[in-house]
Amino acid sequence: MSERVYSGCTAATMAGDTTYGLIEDAAIVTSAGRIVWVGRNRDLPGWCAHIPNIGLGGALVTPALIDCHTHLVFGGDRSKEFAMRLSGATYEEIARAGGGIRSTVGATRSASDDELLAGALRRVDDLLADGVAVIEVKSGYGLTIEDEMRMLRVARRIEQHRKVRIRTTWLAAHALPSEYADRADDYVADVTIEGLKRAHQEGLVDAVDGFCEGIGFTPQQMRRVFEAARELGLPVKLHAEQLSDLKGAVLASEFGALSADHLEYLAREDAHHLARSGTVAVLLPGAYFALRETKLPPVEALREHGVRMAVATDANPGSSPLSSLRLAMGMACTQFRLTPEEALAGATRNAAAALGLEKDYGTIELGKRTELAVWDAPGPDFLSYWLGGDLLRGRIIHGEFHER
């Protein structure tokens with residue numbers, strides 16, 4: 001792969017101790033898809049003189065964004081539930097009436113692989129337009145071993161059609177299908193754990209997740225799933241404290257989870273568990289907004305204890321019909337009171353940590369992969385401030401510039 005110098009830009013490196021790790025009039029040198037030098041253009045080393053120099057005309061350059069929590073592969077939609085929520089029905093009421101996740105399960109089981117892929121690619125294209133280079137995709141709408149594995153196979157196919165890296169997460173513990181009504185323990189054993197073993201054997205699983213909630217699975221059931229994941233050497237994540245405080249985040253911390261996600265009902269005194277284990281707190285303002293929730297995650301407590309905070313779309317057909325990570329960043333600022341710098345860190349370096357990819361992604365530093373976003377924006381604050389619109393000029397992928 002050829003070497004390149006990218007110059008004439010402002011680089012928000014998201015590294016170091018300065019605000020945004022900002023470098024004015026920056027130059028970035030790439031070789032073999034890795035960053036080999038970054039600094040001020042005037043300090044460019046002499047050995048770069050023979051390397052092709054591509055001027056970026058004053059653009060803003062950031063690490064490519066990372067969406068570390070999505071449910072992009074699914075069938076159908078749940079627009080009718082949107083109207084129900086506007087009429088006053090709660091997420092839990094809709095779920096108990098047969099809507100919610102179960103309705104998407106039926107549509108997903110009925111859809112062909114090609115239909116699932118086509119729908120996912122439309123949503124992936126939305127994220128790519130926001131400068132995203134890495135997307136986590138969960139299963140969880142099949143709820144049989146074969147359908148859960150099929151979802152992850154479809155997710156893996158996305159890389160064959162788009163320039164993006166996909167990380168797949170086993171989320172069979174998402175809801176209880178009707179065929180296992182009142183037999184949650186059997187479902188955990190027969191489908192979640194047995195299916196995990198098969199999916200892992202096929203090489204389909206990068207991490208293991210679950211929905212720890214009153215309408216989902218208990219901490220005791222999730223402990224069994226996490227123990228199975230540990231035996232297979234797989235990292236874990238957890239939907240925790242979205243609707244109530246079941247101490248799912250404490251359980252996730254006990255297992256050294258990559259992330260605990262949602263956390264609106266996280267008790268302030270439990271934030272230190274996440275800090276101690278290094279577990280990333282993934283904030284999902286799209287779900288908070290769509291469900292018209294009122295209880296905010298304890299951001300101040302997370303800050304106080306130094307817990308890394310990521311921001312993701314939670315893109316799904318029910319509780320977060322959102323496929324713009326930049327909009328999620330803006331919502332994290334206005335709803336959860338993050339600063340614009342925290343929001344960008346949440347969609348870059350902290351999102352990389354939430355996927356176990358911080359060695360390769362998330363900052364503009366020596367040795368990192370050259371996955372960068374090039375923006376027509378006056379500064380990094382603008383990425384969270386301006387809601388919507390087409391700000392992306394292009395992406396630098398494996399060191400090569402691809403214009404929008």
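This one's a predicted model, so the numbers in the text were calculated from it and none came from an experiment.

S.K.: Sorry if this is basic, but what is going on with the domain arrangement of the protein chain here?
M.R.: Interface size is commonly expressed as the accessible surface area that is lost when the partners come together. As assigned here, the protein chain comprises domain 1 (3-64 + 362-403) and domain 2 (65-354). One C-alpha centre belongs to domain 1, the other to domain 2, and the line joining them spans 30 Å. Buried area between domain 1 and domain 2, both sides added, is near 1,800 Å², and the carbon and sulfur share of it is 61%. Ranking the residues of domain 1 by area buried against domain 2 places Met 14, Ser 384 and Arg 395 at the top, with a combined share of 30%.

S.K.: Would you mind going over the UniProt feature "binding site: Zn(2+)" (unreviewed entry) in the protein chain with me for this structure?
M.R.: UniProt tags His 69, His 71, His 239 and Asp 314 as "binding site: Zn(2+)" (unreviewed entry). Spanning 246 residues, the named residues nonetheless gather at one spot, since no C-alpha pair among them exceeds 12.4 Å. With respect to the element layout, His 71 can be found in the loop between strand S5 (65-67) and helix H1 (79-86). Judged by relative accessible area, His 71 falls into the buried class, the value being 2%. Here Asp 314 shows up in the loop between strand S12 (309-311) and helix H12 (325-336). Under the relative-accessibility criterion, Asp 314 is labelled buried at 2%. What Asp 314 contacts, discounting residues up to four positions off in sequence, is His 69, Thr 70, His 71, His 262, Leu 284, Ala 287, Ser 319 and Ser 320. Polar side-chain contacts of Asp 314 include one of 3.2 Å to the side chain of His 71.

S.K.: Sorry if this is basic, but what is going on with the environment of Asp 209 here?
M.R.: On the secondary structure map, Asp 209 appears in strand S8 (residues 207-212). Judged by its relative accessible area of 0%, Asp 209 is buried. Along the primary structure Asp 209 and Glu 400 are separated by 191 residues, whereas in three dimensions their C-alpha atoms are 34 Å apart. Setting aside anything within four residues of it in sequence, one finds Asp 209 in contact with Lys 138, Thr 169, Trp 170, Leu 171, Ala 173, Met 222, Lys 237, Leu 238 and His 239. Among the polar contacts made by the side chain of Asp 209, one reaches the side chain of Lys 138 at a distance of 2.8 Å. Here His 239 takes part through its side chain, which lies 3.1 Å from a polar atom of the side chain of Asp 209.

S.K.: Before we go on, may I ask you to explain the pairing of strand S1 (residues 4-12) in this structure?
M.R.: One face of the sheet, then the other: side chains in a regular strand alternate in exactly this way. Taking burial as the measure, the nine residues of S1 include eight buried ones, the bulk of the element. Here S1 runs beside strand S2 (residues 22-31); their pairing, made up of seven bridges, is antiparallel. Residue pairing for S2: Cys 9 is matched across the bridge by Ala 26. Where S1 meets strand S4 (residues 53-63), six bridges bridge the pair, whose relative direction is parallel. Bridge pairing links Ala 11 to Val 61 in S4.

S.K.: Explain the pairing of strand S11 (residues 280-283) to me, please; I cannot follow it from the model alone.
M.R.: Residues Val 280 and Val 282 of S11 are buried on one face, and the alternating residues Ala 281 and Leu 283, pointing to the opposite face, are buried as well. Of the strand pairs in this sheet, S11 and S12 are connected by three bridges, and their pairing is parallel. Within S12, the residue paired with Val 282 across the bridge is Ala 310.

S.K.: Where do I start with the UniProt feature "binding site: 4-imidazolone-5-propanoate" (unreviewed entry) in the protein chain in this structure?
M.R.: When the UniProt feature table is mapped to this numbering, "binding site: 4-imidazolone-5-propanoate" (unreviewed entry) covers Arg 78, Tyr 141, His 174, Gln 242 and Ser 319. Owing to a relative accessible area of 5%, Arg 78 belongs among the buried residues under this scheme. Once residues within four sequence positions are removed from consideration, Arg 78 is found in contact with Tyr 91, Gly 100, Ile 101, Ser 103, Thr 104, Pro 317, Gly 318 and Ser 319. A polar contact of 3.0 Å, which involves the side chain of Arg 78, links it to the side chain of Glu 81. Ignoring anything within four residues of it in the chain, the contact list for Ser 319 reads Arg 78, Tyr 91, Gly 286, Ala 287, Ala 290, Leu 291 and Asp 314.

Cut-offs used in this document
Residues numbered from 1 in each chain as written. Predicted model: local features only at pLDDT ≥ 70, side-chain atom pairs only at ≥ 80, totals over all residues. Heavy atoms only, no water. Domains from an automatic or database assignment. Buried area = accessible area lost by both parts, 1.4 Å probe. UniProt positions renumbered as here; feature names shortened; annotations may be inferred. Helix = DSSP H or I, 4+ residues; strand = E, 2+ residues; numbered from the N terminus. Buried < 20%, exposed > 50% of the residue type's maximum accessible area, 1.4 Å probe, protein only. Contact = heavy atoms within 4.5 Å. Polar contact = N/O pair within 3.5 Å; in protein donor to acceptor, adjacent residues only side chain to side chain. Pairing = 2+ DSSP bridges.

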